[in-house]
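Fold and geometry: a report
Residue-level listing of the chains:
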Amino acid sequence: MTGNGNARKVVGLSPTRNQSFFGRDIVSVRQFSRDDLIYITQIADEMRALVHRVGATDLLKGHILANLFYEPSTRTSSSFIAAMQRLGGSVIPIHGVQYSSVSKGESLPDTIRTLECYADVIVLRHPEVGASEVAARYATKPIISAGDGVGEHPTQALLDLYTIYSELGALDGLHVAMVGDLKNGRTVHSLARLLRSYDIRMTFVAPEILRLPDALRQEVADAGRPVAETERVEDVIADADVIYVTRVQKERFEDLREYEAVKTYYEITPELMARAKSKMALMHPLPRVGEIHYDVDDDPRAAYFRQVENGLYIRMALLAAVLGKA
């Protein structure tokens, strides 16, 4: 699938041994083979070492990133900006689309075609599922999805995977429990798909109205991964190697009465963590709105702010890779 008749990229396919990430779009975790994940993890390790050693480099000097966000963002937007700047590149930040030509009725394809006249890579967050794939279809420059609706968030899933490995030193053989809004949580959707590449057991913990979509649960099962479901986090706290908590997303509810009924359904407290393994990882993509108590932050197993930091290294790795500098 190409944009404007140019055969420079194939949307949705992962690199082989004879290919690289150069010029490619990052729009879905379905793109990645296990070898791809090892490759990106290795580059992220190099980026971590680089930042800790010297802070920044001129690897992407002369390159420009267009950061196009149709939805609010703190961590994802900031980390992409920081990643590009630490690599020596420049950024066009577009966060308030209500003040852009979008408010005049400009289509997504036309916005993308305009921005690629100025930039070498475009990061896109959009409220509609599949928007990143549409953008990639029309673009001749790499598109990196920063999340689309309740669909996917591939770079978040990559940093989550990297965090699990960094915290526990392995991926195969783990029990990962995902807790909270599994219906609307695009971070959960992408991570569950990514974990299919590993020998991992998954438990999905959610109230009935926030259960993981049936199609996604079937995808995980079809990959041969053991799957369980429960409404009680107490059922998994003692056995899980990873507890991945998500907030209940108020903005995804049409009926606020339903939100009020489940908004405090799960709360991770020091008392609950006392029942968890001594070596495990408590994760959250953030922001949190009460589902993890602040008293838990000092627990060495609380990995969510290290998780945020890992987003910088993963996004540095992806920018360098798609621009042919990895």
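These numbers were taken from a predicted model, which means no experiment stands behind them.

Reading the values: the criteria
- Residues numbered from 1 in each chain as written.
- Predicted model: local features only at pLDDT ≥ 70, side-chain atom pairs only at ≥ 80, totals over all residues.
- Heavy atoms only, no water.
- 1 Å grid on protein atoms, 1.4 Å probe; cavity = no way out; pocket = protein on both sides within 12 Å on 5 of 7 lines; lining within 4 Å.
- Points joined across faces, edges and corners; volume = space filled by probe spheres on them.
- Helix = DSSP H or I, 4+ residues; strand = E, 2+ residues; numbered from the N terminus.
- Nonpolar A, V, L, I, M, F, W, Y, C, P; charged D, E, K, R; others polar.
- Buried < 20%, exposed > 50% of the residue type's maximum accessible area, 1.4 Å probe, protein only.
- Polar contact = N/O pair within 3.5 Å; in protein donor to acceptor, adjacent residues only side chain to side chain.
- Contact = heavy atoms within 4.5 Å.
- Pairing = 2+ DSSP bridges.
- Axes fitted to C-alpha atoms, helices over the stretch in contact; angles between N-to-C directions.
- Core = buried A, V, L, I, M, F, W, Y, C linked by side-chain atoms within 4.5 Å.
- Phe/Tyr/Trp six-rings, centres within 6.5 Å; stacked < 30°, edge-to-face > 60°.

**Quick notes on empty space enclosed by the protein**
- Scanning the model with the defined rule gives three cavities of 30 Å³ or more in all.
- For the largest cavity, the calculated volume is near 80 Å³.
- Every residue lining the largest cavity is listed: R75, S79, Q156, L159, H284, P285, Y304, Q307, V308, G311 and R315.
- When residues of the lining of the largest cavity are traced back to their parent elements, those giving at least two are α2 (75-86), α5 (154-168) and α10 (304-322).
- Looking at side-chain class alone, the lining of the largest cavity contains four nonpolar, five polar and two charged residues.

**Some thoughts on the side chain of N67**
- Here N67 is to be found in strand β1 (residues 64-69).
- The buried category is assigned to N67, whose relative accessible area is 0%.
- Only 3.2 Å separates the side chain of N67 from the side chain of S77, close enough to count as a polar contact.
- Excluding residues within four positions of it along the chain, N67 makes contact with S77, F80, I81, V91, I92, P93, I94, H95 and V123.

**Brief notes about the sheet that holds β1**
- With parallel pairing, four strands are arranged side by side in an open sheet as β2-β1-β3-β4. Edge positions in the sheet fall to β2 (90-94) and β4 (143-148), since each has one partner strand and no second. In this sheet, neighbouring strand axes are inclined to one another by 15° on average, regardless of whether the strands run parallel or antiparallel.
- Two strands pair when backbone bridges link them, and β1 and strand β3 (residues 121-126) are joined in this way by five bridges, in the parallel orientation. Opposite A66, over in β3, you have I122 as the bridge partner.
- Helix α4 (residues 131-138) rests against β3 and β4 of the sheet, and its axis sits at about 160° to β4.

**Details of the nonpolar core**
- Judged by nonpolar contacts, the single largest core of 65 residues is most densely connected at M178 and L319.
- Per-element accounting of this core gives the leading share, 10 residues, to α10.
- In terms of nonpolar packing, the next biggest core, distinct from the first, is built from 20 residues, I237, A240, I292 and A302 among them.

**Regarding the environment of I143**
- As for its position among the elements, I143 is in strand β4.
- Taking the C-alpha atoms as reference points, I143 and I26, separated by 117 residues in sequence, lie 6.2 Å from one another.

**Section: the packing of aromatic side chains**
- Counted by the stated rule, this structure contains three aromatic pairs.
- Each ring, one from F21 and one from F32, has its centre 6.3 Å from the other, and the planes form 15°; the classification is stacked. A residue pair is termed long-range when its members are at least 10 positions apart, and F21 in the segment before α1 (34-53) and F32 in the segment before α1 qualify at 11 residues. For the residue pair F21 and F32, the accessibility class agrees, reading buried in each case.
- Site record: aromatic cluster; members linked through ring pairs are F21, F32 and Y39.

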